[in-house]
Amino acid sequence: MSEMLENKETLGRFQNVVDRLASACVRAGRQGDAADLIAVSKTYDAAHIRPVLEAGHRAFGENRVQEAKDKWPELKHEYEGVELHLIGPLQTNKVKDALGLFDVIQTLDREKLARAFVKARAQGASLPSFYVQVNTGCEPQKAGQLPDAVDGFLKMCREECQLNVVGLMCIPPVGEPAGPHFDLLAHIAARNGLSQLSMGMSGDFETAVAHGATAVRVGSAIFGQRG
Ligand SMILES: *Cc1c(COP(=O)(O)O)cnc(C)c1O
């Protein structure tokens, strides 16, 4: 396919997601702009991302530090105001790289990682804002705090480590209705006085909005199926 046609298709999908998101907010009785769109550009190169940047969009998500490091410094230089979210697992030895690159870390999921950020701050780094990831389905292979441990973890992050935790993030189990997981996340956030909920992907972002999402992470519905 020609690059021009590809760009046009990406733009069409992007606009469609923007419209569906606004409609979902209104249907939920919320303001049309109540939920932010984070365009998940993982696996897509700069050429695929540029049309969305050209359309004025600025919030993007990546799940791997190295991949983000390869493509975003240049794009951030080119387009002002980009806000890059880390939505994948972070190893403590990648914290320094992540700090130079990401404006928001959505995958704060364990004490060791919280401590690594505290250490980086002691060495002069300024820290981004954080979402704590919650493993709402208690899946053994999935990262995130378990629902009954998250209150204690949040207290440690906020009071002891003084990290700027703004909200919670979850990835519901595949093949289960997502609604109950979104409700659980909203419930945990409310009891901890957190206002931001990052939940919902291409297949369920409208459901997430109905359950109170303030940020949705949408990849394939914008950029196309990943290869
Ligand atoms: C890939 C990914 C997304 C986007 O998934 P799509 O189904 O392509 O919209 C959202 N959140 C996380 C954590 C991801 O890894």
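So, here is what we can say about the structure in this document. (Residues numbered from 1 in each chain as written. Predicted model: local features only at pLDDT ≥ 70, side-chain atom pairs only at ≥ 80, totals over all residues. Heavy atoms only, no water.)

On to unusual backbone geometry. At Thr-43, a residue that is not glycine, the phi angle is positive and equals roughly 70°. Residue position: Thr-43 is located in the loop between strand S1 (36-40) and helix H2 (46-54). Although it is not a glycine, Cys-138 sits at a positive phi angle of roughly 50°. If you trace the backbone, Cys-138 turns up in the loop between strand S5 (129-134) and helix H6 (150-160). Judged by relative accessible area, Cys-138 falls into the partly exposed class, the value being 45%. (Helix = DSSP H or I, 4+ residues; strand = E, 2+ residues; numbered from the N terminus. Buried < 20%, exposed > 50% of the residue type's maximum accessible area, 1.4 Å probe, protein only.)

Below, the discussion takes up helix H7 (residues 179-191). A turn of α-helix holds 3.6 residues, and therefore any two residues three or four places apart point the same way. If you check H7, its first and last C-alpha atoms are 19 Å apart, about what 13 residues at 1.5 Å a residue would give, namely 18 Å. If you check which residues of H7 are buried, you get Gly-179, His-181, Phe-182, Leu-185, Ile-188 and Ala-189. Among the structural elements, S5, H6, strand S6 (165-170), strand S7 (196-198) and helix H8 (205-210) are those in contact with the buried residues of H7. Positive backbone phi, approximately 65°, marks Gly-193, located one or two places after H7. (Expected span 1.5 Å × (residues − 1). Contact = heavy atoms within 4.5 Å.)

Below, the discussion takes up the pattern of salt bridges. What the rule picks out here adds up to 12 salt bridges. Glu-67 serves as the salt-bridge partner of Lys-71, at 2.8 Å between the closest nitrogen and oxygen. One end of the pair is Lys-71 and the other is Glu-67, both in helix H3 (residues 65-78) and four residues apart, which spans about a single turn. Using a relative accessible area of 10% as the deciding quantity, one classes Lys-71 as buried. The closest approach of N and O atoms between Lys-69 and Asp-97, which form a salt bridge, is 3.4 Å. Of this pair, Lys-69 sits in helix H3 while Asp-97 sits in helix H4 (residues 95-99), and the two are 28 residues apart along the sequence. Note on Lys-69: relative accessible area 36%, which makes it partly exposed. Through salt bridges that share partners, Glu-62, Glu-67 and Lys-71 make up one connected network. (Salt bridge = Lys/Arg side-chain N within 4 Å of Asp/Glu carboxyl O.)

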